[in-house]
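Structure assessment
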Amino acid sequence: MASIGIDLGGTKVEGVVLEEGLVPRHRVRVATERERGYAHILDRVGEVAEALRPYASEARLIAVGTPGSLSARDGTLKNSNTTCLNGRPLKADLEARLGLPVRLENDANCFALAEARHGSGRGHAVVFGVILGTGVGGGIVIEGRLWSGPQHIAGEWGHHAVDPGGPACYCGQRGCVETMLSGPALEAAYRAASGSRLPAAEVAGRATAGEAAAAAVLDRYLDRFGRALANVITILDPDVVVLGGGLSNLGALYTSGREAVARYLFNDALSTPIVPNQLGDSAGVLGAALLAA
Ligand SMILES: [Zn+2]
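Figured I'd write up the structure that's included with this text. (Residues numbered from 1 in each chain as written. Predicted model: local features only at pLDDT ≥ 70, side-chain atom pairs only at ≥ 80, totals over all residues. Heavy atoms only, no water.)

**Quick look at the coordination of the zinc ion**
Only His159 (ND1), Cys169 (SG), Cys171 (SG) and Cys176 (SG) from the protein coordinate the zinc ion, and they sit 2.0 to 2.4 Å from it. In this structure, the zinc ion is surrounded by 4 donor atoms whose angles at the metal cover 104 to 115°, and the resulting shape is tetrahedral. Look at where the donors of the zinc ion fall in the sequence and you get H-x9-C-x1-C-x4-C. (Donors = N, O, S within 2.8 Å, 3.2 Å for Na, K, Ca; no water. Tetrahedral: all angles 85-135°; square planar, octahedral: opposite > 155°, others 65-115°.)

Right, dumping it as structure tokens:
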């Protein structure tokens, strides 16, 4: 039976109809245009769902992955970095718009589930999936099942507030891991150090090429990555950590970054594999479709 998964991101809404065995039957992608507000975002998700439905007429549920999660208190969305969604009854409004029950799930949880079942986490009992992108998120999968917790915040290491003197975060705290390890954070650090604007991937390239400012920014980034991830590993002690999001392409995360994790870990050695994802950009939407199956 085919299932429908939709990934509602800050820049794009992506949908897939998935057959068993992780075979995509149909895919759709549109721009979110989140600056146009809540009603427009609902319409965009609606357009994607309508384009997918003819390819999965048997589907009785649509799963939607998005940053943030549903409040166990009142069912509205909370903690999304697309802040116009926060406090809104997104699940109920999507169900009214799509005419089907909706399962709403955190996007990093969807990523972690897809990688645990079909990607780099396969064969591992406890998988911590990490998103390092526009935001920083995480998801926990145990024996192939998502562990989201009674408050739906399990794995949200991006909002460990580790520095009260650090940058303000949209969540209301200061010095969250996300304000240090996201792509925009790395770009801002480079801009402050050098005066010029560069995409995060190019900062790493310049560091490798020997540019002092870029190297210093990248070293500090990797050190913070180590400190933050060591905190997670000390709590969860997962069998594997799978990295996703645009910054997971930084090769240094798996060498110097890994050494930094070992430096801060409460242990005499670091044996946890820290590996790149296998499913690429599609892991989130695939994970949503797995939840709908
Ligand atoms: Zn925060």
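On we go.
**Details of the nonpolar core**
Judged by nonpolar contacts, the single largest core of 38 residues is most densely connected at Leu132, Trp157, Leu181, Tyr221, Leu229 and Leu253. Contributing elements (two or more residues each) for this core: strand E8 (126–132), strand E9 (136–142), helix H4 (178–181), helix H5 (183–194), helix H6 (200–208), helix H7 (212–236) and strand E11 (240–244). The biggest single contributor to this core is H7, with 11 residues. Ignoring sequence-local partners within four residues, the contact set of Tyr221 consists of Leu132, Met180, Leu181, Ser182, Leu186, Leu247, Leu250 and Leu253. Core analysis: the next-biggest nonpolar cluster, separate from the first, contains 28 residues, Ile4, Val28, Ala49 and Leu100 among them. (Core = buried A, V, L, I, M, F, W, Y, C linked by side-chain atoms within 4.5 Å. Buried < 20%, exposed > 50% of the residue type's maximum accessible area, 1.4 Å probe, protein only. Helix = DSSP H or I, 4+ residues; strand = E, 2+ residues; numbered from the N terminus. Contact = heavy atoms within 4.5 Å.)

**What about the pattern of salt bridges?**
Counted according to the given criterion, the structure contains 13 salt bridges. Here Arg25 and Glu19 are joined by a salt bridge, their closest N and O atoms 2.8 Å apart. Look at Arg25 and you get partly exposed, because its relative accessible area is 36%. Where Asp43 meets Arg97, a salt bridge forms, and the shortest distance between an N and an O atom there is 3.3 Å. With a gap of 54 residues between them, Asp43 in helix H1 (residues 38–52) and Arg97 in helix H2 (residues 90–98) connect regions that are remote in the sequence. Residue classification places Arg97 among the partly exposed positions, given a relative accessible area of 31%. (Salt bridge = Lys/Arg side-chain N within 4 Å of Asp/Glu carboxyl O.)

**Brief notes about the sheet that holds strand E3 (residues 23–31)**
Reading across from one edge, E3-E2-E1-E4-E7 is the order of the 5 strands in this open sheet, with mixed pairing throughout. Looking at strand neighbours, the two that pair on one side only are E3 and strand E7 (102–106), the edges of this open sheet. Each strand of the sheet is rotated relative to its neighbour by a mean of 20°, with strand direction disregarded. Of the strand pairs in this sheet, strand E2 (residues 12–19) and E3 are connected by 8 bridges, and their pairing is antiparallel. Bridging across to E3, Lys12 finds its partner in Ala31. In this fold H2 packs onto strand E1 (3–8), strand E4 (62–66) and E7, with an angle of close to 140° to the strand it touches most, E7. Taken strand by strand, helix H3 (residues 107–118) contacts E1, E4 and E7, and its axis lies near 90° from that of E7. (Pairing = 2+ DSSP bridges. Axes fitted to C-alpha atoms, helices over the stretch in contact; angles between N-to-C directions.)

**Here we look at the packing of H5 against H7**
Where H5 meets H7, the axes come as close as 9 Å, and the angle between the chain directions of the two elements is 140°. Comparing the axis directions of H5 and H7 gives the class oblique. When you trace H5 past H7, the crossing you get is right-handed. Residues Leu186, Ala189, Tyr190, Ala193 and Ser194 of H5 form the contact with H7, whose own contacting residues are Ala213, Ala214, Val217, Arg220 and Tyr221. Residues belonging to the contact of H5 with H7 are distributed by class as follows: 8 nonpolar, 1 polar and 1 charged. (Parallel < 35°, antiparallel > 145°, perpendicular 65-115°, else oblique. Left-handed = near helix turned anticlockwise from the far one by under 90°. Nonpolar A, V, L, I, M, F, W, Y, C, P; charged D, E, K, R; others polar.)

**Side note on the pairing of E11**
Across the 5 residues that make up E11, a large majority, 5, are buried. Covered by surrounding structure in E11 are Val240, Val242 and Gly244 together with Val241 and Leu243, the residues of both alternating faces. As paired strands, E8 and E11 are joined by 5 bridges and run parallel to one another. From the neighbouring strand, Gly129 faces E11, where its bridge partner is Val242. For E11 and strand E12 (residues 274–276), the ladder comprises 3 bridges, and the chain directions are parallel. From the neighbouring strand, Leu243 faces E12, where its bridge partner is Pro276. For the segment spanning E11, helix H8 (residues 256–264) and E12, crossover handedness is right-handed. (Right-handed = clockwise from strand over helix to strand, strands pointing away.)

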